[in-house]
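Chain by chain, the residues run as shown.
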Amino acid sequence: MTEVWGLISGPVAHAVAYGFLLIGAFFFISGTLGVLRFPDIYTRLHAITKADTLGLGFIVLGLCLISGSARTSLLMIGVWVLVMASGATACQLLARYEQDDTDRERRDDR
Amino acid sequence: MTADGFFDALLAMLIVSLACGALYSRSLYRAVVFFIALGLSLALVWARLSAPDLALAEAAIGAGLTGVLLLSALKHQAAEPLRPMRPSFQLLMAVLTGVTFLLVLTTVWSMPAGMAQVGQLALNSVNDSGVEHPITAVLLNFRAWDTLLELLVVVLALLGVRQLKLPNDRLPVAWPLLLAWSKLLAPLSLLLGVYLLWRGADAPGGAFQAGALIGSGLLMLKLVGLAPTTPWSHWGIRLLVLLGSFTFLLVAMATDVFGAGWLTYPPGWNKALILLIEVAATASIALSLAMLAGSDHRELNQ
Amino acid sequence: MTDVQLFVGLGLLLWLLGLHAVMTHRHTIHRLIAINVSGSGVFLVMVSLASRGEGVDPVMQALVVTGLVVAVCATAFALRLGSARQQSHDEAESPS
C-alpha cells in the first residue's frame, strides 16, 4: 500500500499534476475567450459551461494528485460535481429565458 | 513579486472593476449582476485574509440573498430613468470624497501595527468561553450583547417589511429541470447548514453562516414554489421567528437573576447554553431571511 | 506593499466609490447598491486590520459577521420602502 502511495505522491505524479493544471487553465482561458468573442447568447453559454466544467475538472484532478489526501480529494470532487450540475441547470435556465424572450418579441411584432 | 502577491493584486483589480460596473453601469439590471459578482469575489478576499467565517457568510448572504432581494425589487420597479446629477455637482462630490479618502488613508496607515488589546484578550481567554473557535466565543460569550441585539434587528427588519404594502405578483412557473435541481440542493443546504452549526464550536462556522445557508435553501424552494407557505398569521411561524431572540433573552434574564450578571454564563454551563442559543438563533435567522427575501403579500399582510 | 496594506487600500477605495455613487445617483436601487458597496469597503478595512499581527483578531471578524447580517436586513427593508414609495407615486399619478 505504501509503495502505491509513494508512487502517487512522487515527483512523477507532481509533473503529471502540473500538466493537468495547465490543461485546465487552457480550457478556462479558451472558455473566457469564447464568452468575449462569440456573437449570441447560445454560443456563449456553450463556451462558458462546457469549457469551464472541463477546465475545472482538470484542475481538480491536478490538485487531487498534489494534495495526496483522500479526504481533500473527495471534497474537491464533490465541489466539482456540484459546480457541474449547477452550471448545467443555469445554462438551461438562461437559454430558456432567452428563448421565451425572443418568442415574446416575435408575437409582439406580429 | 511573489505568486500570492500577484494573485492579490489581480483580485484587487477585479474587485475595483466589478465595483465600478455595479456603481456606474447604465442599466440597473447590469448593475445588480455586477454587484452579485462583486459579492462572490469578496468571499475570495475574505478567504485570502484568513477569515473563512466571513467567506462562508458572504457567499450565502452578500452574494445570494442580497442578489435575490435586488433582483426581485428590480422586477417591481417601473423603468425610472437613470438621470445623472449635474456634472458640476458630481465633480464637487468627487473632490469631497477624494479629500476624505486621503484623510482616512493617512489615519489608517499610521495606526500602530499588531493586534488591538481586545483581540489579544479574546484570544487568550477562549478556553474559558466553552467553545474552541475564537469567533464563536466572541459572538456568543464575550460580546453576546451585540449578538442579542442583532437578532432583534433581524426581527425588526421583518416587522418593518410587513408594515409596507407588498406588490401583488405571482411567481412564474418553474421549469422541471430547476425543480429537480432545487429538490436536490435544498436538502443539501440543510445538511451543510447543520454541519456548519455543529462544527462552529471549534472551527469556522456557526449560527449565522448556518442560518444563512439554510435560509437560502428555503428561499430557493419558495422561489420555485415547492415550499409550503409561511403565513405570518400562523402562530408557529411567529414563534419560530422569535425563538432566537426569546431564548437569548431568557438566558440573559436567568443569568441576571440567578447568576453572576446579565449574560455572564455560570461556569460549567457555557457550552450547553451557547449550543442552546445557537440552535434557536439558527432556526430564527434561516426563517427570517427566507421570509425577508421571498415572501409575497399573502404571507405577510394578513 | 504587503497584502494587508493592499486590501486596506482596496477597502478604502470601495468605500469611497460607494460614497460618491450614493451622492450622485438618484435611483433607489442604484443608491442601495452603492451603500452596500461602501459597506463592503468598511468590512474590508476592518478585516484587513484584523489580520495585521500574529494570528487573527477575532473581535473584528465577529463584528463583521454581525455586520453582514445587519446589512442584508437593512437592505431588504430599504428596498421595500423604495418600492412602497414607487407604488404610492404610481397611485397618485393615475387615480383609478
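Since we're looking at a predicted model, the values are computed, not measured. (Residues numbered from 1 in each chain as written. Chains lettered and ligands numbered in written order. Predicted model: local features only at pLDDT ≥ 70, side-chain atom pairs only at ≥ 80, totals over all residues.)

What follows is about the interface of chain B and chain A. Each side of the interface is counted separately: chain B has 4 residues, and chain A has 5 residues. Across the side of chain B that touches chain A, the residue classes tally to 4 nonpolar, no polar and no charged. (Contact = placed C-beta atoms within 7 Å. Nonpolar A, V, L, I, M, F, W, Y, C, P; charged D, E, K, R; others polar.)

This brings us to the arrangement of the chains. Among 2 pairs of chains with at least one contact, chains B and C form the most extensive contact set. In this structure chain A stays clear of chain C, and the shortest span between their C-alpha atoms is 23 Å.

Right, let's get into the confidence of the model for chain B. Across chain B, pLDDT averages 84, with 92% of residues at or above 70. This complex was scored by the predictor with a pTM of 0.88 and an ipTM of 0.92. (pLDDT = per-residue confidence, 0-100.)

Quick look at the nonpolar core now. Among the nonpolar cores identified, the biggest contains 115 residues, and B:Ala22, C:Val47 and C:Ala76 are the most heavily contacted of them. Those residues in contact with C:Val47, other than ones at most four positions away along the chain, are B:Trp46, B:Leu49, B:Ala51, B:Leu54, C:Met60, C:Gln61 and C:Val64. In this structure, A:Leu56, A:Ile59, A:Leu61 and A:Cys64 belong to the second largest nonpolar core, which totals 7 residues. (Core = buried A, V, L, I, M, F, W, Y, C linked by C-beta atoms within 7 Å. Buried ≥ 20, exposed ≤ 12 C-beta atoms within 10 Å, placed from the backbone.)

A word on the interface of chain B and chain C. The interface of chain B with chain C comprises 76 residues on the first partner and 60 residues on the second. Mapped onto the side of chain B that touches chain C, the elements with two or more residues apiece are helix 1 (3-24), helix 2 (28-48), helix 3 (52-76), helix 4 (87-109), helix 5 (117-124), helix 6 (134-142), helix 7 (144-163) and helix 11 (270-294) of chain B. No other element matches helix 3 of chain B, which puts 13 residues into the side of chain B that touches chain C. In terms of residue class, the side of chain B that touches chain C is built from 54 nonpolar, 12 polar and 10 charged. (Helix = DSSP H or I, 4+ residues; strand = E, 2+ residues; numbered from the N terminus.)

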